[in-house]
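Here are the chains, one letter per residue:
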Amino acid sequence: MAPDTSSSNGNASNLPSENGFLDSLSLLNSEKAVKEVIEQPLVEGIEGHLVEFSEAMRTVGKVLRRAADGKASAQAEASEWKRKYELEREKNLQLENKVLSPAELHNNHTEKNIENSAQHLEPMHETKEQPQKYRGKYGIYSHEVLWDKEQNSCSNVHSKLLRKASFKLHWSCKGEKNDQHKHDVVSFEKGNITTAERSSKQICLKWESPPQTVLILTKPNSISVKVICAEMIRWLKEIKLSIYVEPRVRMELLAESSYYSFVQTWKDDDGVLLLHEKVDLVVTLGGDGTVLWAASLFKGPVPPIVPFSLGSLGFMTPFHSEQYRECLKSILQGPISITLRNRLQCHVIRDAAKTEYETEEPILVLNEVTIDRGISSFLTNLECYCDNSFVTCVQGDGLILSTTSGSTAYSLAAGGSMVHPQVPGILFTPICPHSLSFRPLILPEHVTIRIQVPFNSRGHAWASFDGKDRKQLGPGDALVCSMSVWPVPTACRGDSTNDFLHSIHEGLHWNLRKTQSFDGPRES
Ligand SMILES: NC(=O)c1ccc[n+]([C@@H]2O[C@H](COP(=O)([O-])OP(=O)(O)OC[C@H]3O[C@@H](n4cnc5c(N)ncnc54)[C@H](O)[C@@H]3O)[C@@H](O)[C@H]2O)c1
Ligand SMILES: Nc1ncnc2c1ncn2[C@@H]1O[C@H](COP(=O)(O)OP(=O)(O)OP(=O)(O)O)[C@@H](O)[C@H]1O
C-alpha cells in the first residue's frame, strides 16, 4: 500500500493503512491485539511520524501489560481476602450457634430465682432477618460489646458470659424522644449536608436480666471505708447478690469475722483478667483515685461502675455513701443514666525495637498520660506528631495528653480547659512551656498522637499513666497514644451534664464570686 501524501500534517488518521489501524485500535482491549499491531511490518518509504506512532504503540503495549499484571495480582489478593472473610464468617457462625440466645439467657437468670426488685424487661426481638443474636435494634447489648473482645481473647469467654447480666444501652437527647442509635452523624441527602444525629448523647442503661455479681473496690487504709464496705457486703448478701473484693480486703474482712467467708476474690493477675466476665457491677468506695484504680483493673471491657464518694474532691464520684441502700436499689433495678468515659490507649515504642509493632503492652488511662522531665534538670524536648503531621516541639516541663474526664485533673492544673466528659476529644496540654505562645489544644478523638524523644535530646523523659507506673523514655523512644475502644461506664446521679456541672461547682467552686450589690451607680 502506497502512502497517501495528500496529508500535509502527517496525521495518522490520514494514512493509507488508516482503516486497518483504526480497526485494530478499536479492538485494542488486550495486550495481544497491541502486539499484533506492533508486529505488522512497516511499509517501505514510511515517514518519521509512522515510526513515532509505532513507538507510541509499543509504549501502550507495555502499559497494558503492566495493567494486566496489576489486575491479576489485585484479583489474587481480593480472592485471598474473600477466602479469609468466608473462614472468619464460618467461625463466627459456629461460635454464635454455640451460645444461648438472650431469651434463653434471661430464662437462666429467672430460674436462679434471684430476689431483685421489679424488672421491666423488654423481650429481645429475634427474627430471621436478624441473625446476629446480640444486635439491638435501638441500642447495643452488653453481649455485643463483649463479642468483639471475645474474638481477640484466648480465654473461654462464652461459658462465662452466660452468667453475666445482660443490658441494653439507649441514646437520647434532651427533648428528643427518639433514642435510636445511628452511626450516621452526617447526612448529605440531595447534596445538603446536615448533622441531624449527635455523635454524643446522654446514654441510658437498661438491665435485660438482673445483675447478680458486684465487685466492691475500696480505698486502702481508711476506717470509714472499711466500715461502709462491711455494712454494704452484709446488705448485698441479704438481697442475694454475689460479692467480689480484692484479696487484701477479703483478708481484712476475715480478720474481723469468719462470717465473711462467702465473699469471693481472686488469686493472681490471671484472675483479674477474668473479672469482667464475672462481674455485673463495680462499686467504688473512695475518691477519684479509686475510680482510676477500678478502671485500671479492666484492660478490656469495663462493667458499669457506681462510684461512692469517700474522698475529699470527687469529680467522678457522684454518689453519697450514707445513702448507699437507696442508691444501689435503684441502680440494680435500672434504668441508669451513665457517662461513657473514654480512655486513651498508650504504647511505648522503644528505639531498640526492631519493628514499629514490637511495642510493650498497651496501657489504658482514664485521666491522662503525662510525659515530663522527671528528675532531670534539663528542659524536655519532645517532638509531637498527630497522624504523622508535625504538631510542635515541647520544650518545657512536659506534656499532658488527657481524656475529657481527665480535663479537670492534672490538665486543668496546667492550664487546660475543663471539658464535659462526654465530648469526644484528646486534650494536648503543655506543662510549663518555655515559650509565650503555647496554648493548649483539643484534638479530635480519632487521631493518633506520637510523642518522640529526639536523638539529640539532652535528657530522658518519663511517661506516667493516671499518675502511676512511671516509664523512662530514652532518646529515640516514643509514646503513641490513641482513643481506646474500651470506655469506662460510670453511673450518674442525675445525668452526665448535671453531674459534671455539680462537680465543678462543688469541687472547684468554679467562678464563685459574691454577687455585686444592687445599690450603686447605674447606667443613666
Ligand atoms: N498538679 C496536679 O494537679 C496534679 C499532679 C499530679 C497528678 N495529678 C492528678 O492525680 C491523678 C491521680 O489521682 P490519684 O487520686 O490517684 O492521686 P492523688 O491521691 O495524688 O490525688 C490527686 C488529686 O486529683 C484528683 N483527681 C483525680 N482524677 C480527677 C479528675 N478526673 N478530675 C478532677 N480531679 C481528679 C483527686 O481527686 C485528687 O484530689 C492523676 O491522674 C492526675 O490527673 C494532678
Ligand atoms: N483498691 C485500691 N488499691 C490500691 N490503691 C488504691 C485503691 N483505691 C485507691 N487507691 C489509690 O489510693 C490513692 C487515693 O485514693 P482516692 O483518690 O480514692 O482517695 P483520696 O485521695 O482520699 O480522695 P481524694 O483524692 O478525693 O482526696 C489513689 O492514688 C489511688 O490510686
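Residues numbered from 1 in each chain as written. Chains lettered and ligands numbered in written order. Predicted model: local features only at pLDDT ≥ 70, side-chain atom pairs only at ≥ 80, totals over all residues. Heavy atoms only, no water.

In the annotation of an unreviewed UniProt entry, the entry for the chain reads NAD(+) kinase, and the organism field reads Deinandra increscens subsp. villosa. Annotation of the chain in UniProt includes, under Sequence similarities (unreviewed entry), the sentence "Belongs to the NAD kinase family." Per its UniProt entry, the chain bears the Catalytic activity (unreviewed entry) comment "NAD(+) + ATP = ADP + NADP(+) + H(+)". (UniProt positions renumbered as here; feature names shortened; annotations may be inferred.)

Draft legend 1. Representation of a nonpolar patch on the surface within the structure. On the surface, Val186, Phe188 and Ile193 cluster together to form a nonpolar patch covering roughly 350 Å² of accessible area. Relative to the helices and strands, Phe188 resides in the loop between β2 (167-172) and β3 (202-207). According to the relative accessible area criterion, Phe188 is exposed, its value standing at 62%. (Patch = residues over 30% accessible without salt bridge, like charges linked within 9 Å, V, L, I, M, F, W, Y side chains within 5 Å. Areas by Shrake-Rupley, 256 points an atom, 1.4 Å probe, with all protein chains shown as cover. Salt bridge = Lys/Arg side-chain N within 4 Å of Asp/Glu carboxyl O. Helix = DSSP H or I, 4+ residues; strand = E, 2+ residues; numbered from the N terminus. Buried < 20%, exposed > 50% of the residue type's maximum accessible area, 1.4 Å probe, protein only.)

Draft legend 2. Geometry of the site of ligand 2. Taken together, 15 residues lie near ligand 2, and Lys219, Glu246, Gly287, Thr290 and Ser312 sit nearest. Contact between ligand 2 and Glu246: a nitrogen atom at 2.8 Å from a side-chain N or O atom of the residue. At 3.0 Å from an oxygen atom of ligand 2 is found a main-chain nitrogen or oxygen belonging to Leu313. Burial of ligand 2 by the surrounding chains reaches 70%, relative to a free accessible area of 610 Å². Tallying contributions element by element places helix α11 (residues 288-297) first for the shell around ligand 2, with four residues. (Near = heavy atom within 4 Å. Polar contact = N/O pair within 3.5 Å; in protein donor to acceptor, adjacent residues only side chain to side chain.)

Draft legend 3. Summary view of the environment of Asp372. The topology assignment puts Asp372 in strand β12 (residues 368-372). Sequence spacing of Asp372 and Gly287 is 85 residues, and the spatial spacing of their C-alpha atoms is 25 Å. Once you skip the residues sitting within four places of it in the chain, Asp372 turns out to touch Thr380, Asp397, Gly398, Ala461, Trp462 and Arg470. At a separation of 2.6 Å, a polar atom in the side chain of Asp372 contacts the side chain of Arg470. (Contact = heavy atoms within 4.5 Å.)

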